[in-house]
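Summary of structural features
Each chain, letter by letter, is given below.
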Amino acid sequence: MEMAKESKGKELQEALTHKWDNVWEVLGDKEKDRVFEINEEYKDFLDKGKTEREAAREIIRVATEQGYISIDEVIEKKIKPTPGMKIYANNKNKAVALFVIGEEKLEKGMHIIGSHLDAPRLDLKQFPLYEDSGLALCKTHYYGGIKKYQWVTLPLALHGVVMKEDGEKIDIVIGEDEEDPVFFITDLLPHLAKDQMAKKMGEGITGEGLNLLVGSIPYKDDEINEKVKLNVLNILHEKYGIKEEDFTSAEFEVVPAGKSRDVGIDRSMVGGYGQDDRVCAFTSFKAILDVEKPNKTAVALFVDKEEIGSVGNTSMESRFFENVVSELIYLTEEDYSELVVKRALANSWVLSADTLGGFDPNYPEVLDKMNAPFIGKGVTIVKYTGARGKGGSNDANSEYLAKIRKIFNDNDVVWQMGELGKVDQGGGGTIAYILANYGMEVVDCGVALLSVHAPYEIASKADVYMTYKGYNAFFNA
């Protein structure tokens, strides 16, 4: 009798309780091979797109090779979008929207996955170059939420675009080729850092102290001052044809130098710069490339400026996406009206594709282990983000969560639930609330990372694969 009771209890426990799967334990050998194949593509994407401009350019390049045509061409030639047609829209070379027209009218809504292409970094100031004590340096302004101490004594590369007065555009990348020089931000030696180390961690390195070391050889002319600065300018002029004033109409981003790498003796993880949020950009991009003729129009959105509050004309808060949808409806509907546009937006489903911090056993105190996402347990659904009391958060409703859960379960997608830290610890936000303003159903859904916002972040290859698989299922639902 005792054994029978135990057996019934175990059966009941298996039926009623739930544990999140480890992706590696449920994959077959062929699917494991697919995980590693996709992550080779992912690392290549990370290396080619270290800035929002580079990532947008790579997305458009591959999309056009796959048959996507520009919305500008569609408008100019008055082409009527039909099911299966693939269209892209470029927003100032920093944001992109990809559409695969569905069988249903746009008025019935779209299936949208929105990610962001920008990442925390250092930007050169508009008049950055100066000389001090025989060294040439560049002043920077950090972009997004960084820990400033992580950016010192690190090999850095310079990625940028210079727009000259005559309209000439010059792309510059220094520090990525093995033969290139790299740049550094210096730090104090421990022997002299007593006062520095007595400060709070966030005050040990200041924003104005993040000055990039760029040269030390003086220009040979005894009749001038700031010889090292002039030598740097001369090198830039000889190689790129630019002068100091051109910095005022340039955008230079300072990022970690070098390629993304496999992490772990088992090569199960990816370490690289900018995975927040290019991991979700890559997985949604790859997912929409596999979509041919969906029921609902599939949309992959790649926006800019998320790390500084989604402001500006390339951000999610701009009217870019709404304007492109309006153009498509104008081309497809005989009687265009703003009401149809509003219906198309309000009837849409969205996955706000962004990253969050995975449980790190080195820092267990900041996360609720029962509700934290874990590395290797699949794509993470995040009902709400925000900070303390859900402030500033989109809080997805149960009806929509149940639909996403069913889509993932029906397509063998390994998924987990997660949140961004303990209740009073902190938090963050994504583009979810902006899209929700249209009345869309929105939930955050992405990859959990280790060392988020650090110069190098870490993702599980299994999670990258399951996120791609989940996004593909969503587009085709």
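Right, let's walk through the structure included here. Please read these numbers as outputs of a predicted model, since none were measured by experiment.

Cut-offs used in this document
- Residues numbered from 1 in each chain as written.
- Predicted model: local features only at pLDDT ≥ 70, side-chain atom pairs only at ≥ 80, totals over all residues.
- Heavy atoms only, no water.
- Salt bridge = Lys/Arg side-chain N within 4 Å of Asp/Glu carboxyl O.
- Helix = DSSP H or I, 4+ residues; strand = E, 2+ residues; numbered from the N terminus.
- Buried < 20%, exposed > 50% of the residue type's maximum accessible area, 1.4 Å probe, protein only.
- Pairing = 2+ DSSP bridges.
- Axes fitted to C-alpha atoms, helices over the stretch in contact; angles between N-to-C directions.
- Contact = heavy atoms within 4.5 Å.

With that out of the way, let us pick up the pattern of salt bridges. This structure, assessed with the given rule, holds 33 salt bridges. Across the pair Lys94 and Glu251 runs a salt bridge, and its minimum N-O distance is 3.1 Å. With Lys94 in the loop between strand 2 (86-91) and strand 3 (95-100) and Glu251 in strand 10 (residues 250-256), the pair connects residues that are 157 residues apart, well separated along the chain. The exposure class of Glu251 is partly exposed, given its relative accessible area of 33%. In this structure, Asp262 and Lys461 form a salt bridge, with 2.8 Å as the shortest nitrogen-oxygen distance. With Asp262 in strand 11 (residues 261-263) and Lys461 in helix 13 (residues 461-475), this pair connects stretches of sequence that are 199 residues apart. The exposure class of Asp262 is partly exposed, given its relative accessible area of 21%. Through salt bridges with shared partners, a single network forms among Glu40, Lys43, Asp262, Arg267 and Lys461.

A word on the sheet that holds strand 5 (residues 121-132). To summarise the sheet geometry, strands pair through backbone hydrogen bonds and adopt either a parallel or an antiparallel arrangement. One open sheet accounts for six strands, arranged 8-7-10-5-6-9; its pairing is antiparallel. With partners counted over all chains shown, the strands left at the sheet margins are strand 8 (169-174) and strand 9 (212-215), one partner each. Neighbour-to-neighbour, the strand axes of this sheet turn through a mean angle of 30°, independent of strand direction. Looking at chain direction, strand 5 and strand 6 (residues 135-143) are connected through eight bridges and run antiparallel. Pairing of Arg121 across the sheet is with Tyr143, part of strand 6. Across the face of the sheet, helix 4 (residues 52-65) comes into contact with strand 5, strand 7 (156-163), strand 8 and strand 10 while running at roughly 110° to strand 8. Across the sheet, helix 7 (residues 227-240) lies against strand 5, strand 6, strand 8 and strand 9, angled at about 125° from strand 5, the strand it touches most.

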